[in-house]
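Here's the letter readout for the chains.
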Amino acid sequence: MEPQKTIVSWSSGKDSAWALYEASRNPALKLVGLLTTVTEPFNRISMHGVRVELLEAQARSLRLPLVKVPIPYPCPNEIYEAALGKALDQARGEGVTRIVFGDLYLEDIRKYRESRLKGTGFEGVWPIWLQDTHALSRRMVESGLKATITCLDPKRLPPAFAGRTYDAQLLNDLPAGVDPCAENGEFHTFAWDGPMFFKTDPDSERRNGGAGRFCVHGFIADLTEGSGRTG
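Now for a description of the structure that goes with this document. Within each chain, residues carry numbers counting from 1 in the order of the written sequence. Residue-level local features of this predicted model are given only where pLDDT is at least 70; pairs of side-chain atoms are given and counted only at 80 or more, and the full residue set underlies all totals for whole chains, interfaces and linings. Calculation of side-chain values draws on the structure's entire complement of heavy atoms; hydrogens and water are dropped beforehand.

Topic: the overall build of the protein chain
Our working rule: Numbering of helices and strands runs from the N terminus, with a helix taken as a DSSP run of H or I at least four residues long and a strand as a DSSP run of E at least two residues long. It only takes one pair of heavy atoms within 4.5 Å for two residues to be counted as in contact. Residue exposure ignores everything except the shown protein chains as possible cover, and the areas themselves are Shrake-Rupley values with a 1.4 Å probe.
A count of helical and extended segments in the protein chain gives seven helices and nine strands. Put simply, of all contacts in the protein chain between residues at least 6 apart along the chain, 73% involve residues at least 24 apart. Here the protein chain has roughly 11,400 Å² of accessible surface; of this, 52% comes from carbon and sulfur atoms.

Now the structure itself:
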């Protein structure tokens, strides 16, 4: 049986990155792209607040086509769903039948996604669903995945955590009651290194006869200049 063409619902964060990594190892799936909502007035990834330039750098390093879904601010749900529906119509026309999500355990979020996919011809894939977040967070870090906290909820996490690297020390420092994968919205991240990323930029390879080297973390200084924030 042919692998199913699959896109990843891509937030730019560690959970999306890990879900993509797990999906890439599933022979039943063929990853063909990333799908990300971008808030137009700010030219940033919705929710995570990361600049589009960084998102595009990620896509190049993942070597996957990127579909940006523009939405306004504020964005009523009906406008969000219409914009997403248009992008999914295009993906369907290209033979895509699966969508990967990085959700972990919030039943209402999964039920919402499943309800929106019903009757569309798409099937959701949840590679990290119900994994223990304490074990998963350690596994991410030990694998070499690197991410930066781009924004956080100051009611749940001290503002000093904004801009910190998601690593073993950060996991040790998280206050009691904070999910180490931040599934309850405690913080959001931008993933910039790990086993899911290629280390060379194919455009740079062509220009420099294979000598070019590209790493997403070459852009990482931008994260703490305007996008790392609270609230």
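Here we look at unusual backbone geometry
Here is the rule we go by: The buried label goes to any residue with under 20% of its type's maximum accessible area, the exposed label to any with over 50%, and the partly exposed label to all in between, with areas taken from a 1.4 Å probe on protein chains only.
The omega torsion of the bond from Tyr73 to Pro74 falls at -5 degrees, within 30 degrees of zero and hence cis. Phi angles above zero are rare outside glycine, and Met47 is one such case at about 75 degrees. Its location among the elements puts Met47 in the loop between β3 (44-45) and α2 (52-62). If you check the backbone angles, Ala182 has positive phi at about 60 degrees while not being a glycine. Take Ala182: its relative accessible area is 8%, and that puts it in the buried class.

Concerning the packing of aromatic side chains
Selection criterion: The aromatic pairing rule takes the rings of Phe, Tyr and Trp, using the six-membered ring of Trp, and pairs them if the centres are within 6.5 Å, calling planes under 30 degrees apart stacked, those over 60 edge-to-face and the rest tilted. Should the NZ of a Lys or the CZ of an Arg lie within 6 Å of a ring centre and within 35 degrees of the ring normal, that charge is described as sitting over the ring.
By the definition in use, this model includes four aromatic pairs. It is Lys14 that lies over the ring of Tyr166; its NZ or CZ is 5.3 Å from the centre. Positioned above the aromatic ring of Phe198, the side-chain terminus of Arg63 is 4.4 Å from the ring centre.

Describing helix α1 (residues 14-24)
Where burial is concerned, most of α1 is hidden: nine out of the 11 residues are buried. Taken residue by residue, α1 has Lys14, Asp15, Ser16, Ala17, Trp18, Ala19, Leu20, Tyr21 and Ala23 as its buried positions.

Let's talk about the pairing of strand β1 (residues 4-9)
To keep things clear, this is the line we draw: Paired strands, as defined in this entry, are two strands with at least two bridges between them according to DSSP. The handedness rule is simple: strands pointing away from the viewer, and a clockwise path from the first strand over the helix to the second, make the crossover right-handed.
Here six bridges tie β1 to strand β2 (residues 29-39), and the two strands are oriented parallel to one another. Bridge pairing links Ser9 to Leu35 in β2. At this point the chain moves from β1, through α1, to the parallel β2, and the crossover so formed is right-handed. In this sheet, strand β5 (residues 98-100) lies alongside β1 in parallel orientation, the contact comprising three bridges. Directly across from Val8, in β5, lies its bridge partner Val100.

Describing the pattern of salt bridges
To keep things clear, this is the line we draw: Any carboxyl oxygen of Asp or Glu that lies within 4 Å of a side-chain nitrogen of Lys or Arg is treated as forming a salt bridge with it.
In the structure shown here, the tally under the stated rule is 10 salt bridges. A salt bridge links Lys14 to Asp15; the shortest N-O distance between them is 2.9 Å. The burial state of Lys14 is the same as that of Asp15; both residues are buried. Put simply, Asp89 and Arg92 hold a salt bridge, and the shortest N to O gap is 2.8 Å. Here Arg92 and Asp89 lie together in helix α3 (residues 77-93), a separation of three residues that amounts to about one turn.

Notes on the packing of α1 against helix α5 (residues 133-143)
Note the threshold: All axes are obtained by fitting lines to C-alpha atoms, using only the stretch in contact for helices, and the reported angles, taken between N-to-C directions, cover 0 to 180 degrees. Relative orientations are named as follows: roughly parallel for angles under 35 degrees, roughly antiparallel for angles over 145 degrees, roughly perpendicular for angles from 65 to 115 degrees, and oblique for any other angle. Residues were grouped as follows: Ala, Val, Leu, Ile, Met, Phe, Trp, Tyr, Cys and Pro as nonpolar; Asp, Glu, Lys and Arg as charged; and all remaining residues, including Gly, as polar.
Running from amino to carboxyl end, α1 crosses α5 at an angle of 75 degrees, the nearest separation of the two axes being 12 Å. For the element pair α1 / α5, the angle class is roughly perpendicular. Residues Lys14, Asp15 and Trp18 of α1 lie in contact with α5, whose contacting residues are Leu136, Arg139, Met140 and Ser143. Partitioned by chemical class, the residues of the contact of α1 with α5 number three nonpolar, one polar and three charged.

Some points on the side chain of Gln4
Our working definition: Definition of a polar contact: a pair of N or O atoms within 3.5 Å, with one able to donate and the other able to accept a hydrogen when the atoms are protein atoms, and with sequence-neighbouring residues admitted only if both atoms are side-chain atoms.
By the secondary structure assignment, Gln4 is in strand β1. Side-chain polar atoms of Gln4 contact the backbone oxygen of Glu2, separated by 3.5 Å. Apart from residues lying up to four places away in sequence, Gln4 is in contact with Ala28, Leu29, Lys30, Thr97 and Arg98.

Observations concerning α5
The cut-off we apply is this: The arc in question is formed by the directions pointing from the helix axis toward the C-beta atoms.
Among the residues of α5, those classed as buried are Thr133, Leu136, Ser137, Met140 and Val141. Across the axial projection of α5, the buried residues extend over an arc of 130 degrees, all falling on one side. Among the exposed residues of α5, those pointing more than 90 degrees away from its buried face are His134 and Glu142. The N-cap of α5, judged by a side-chain oxygen 3.2 Å from the amide nitrogen of His134 a few residues on, is Asp132. Remark: Gly144 follows α5 within two positions and exhibits a positive phi of approximately 100 degrees.

Quick word on the side chain of Thr133
Summarising the element assignment, Thr133 is placed in helix α5. When residues no more than four places from it in sequence are discounted, the contact partners of Thr133 are Leu104, Tyr105, Asp179, Pro180 and Cys181.

The values are spatial; any link to function lies outside them.
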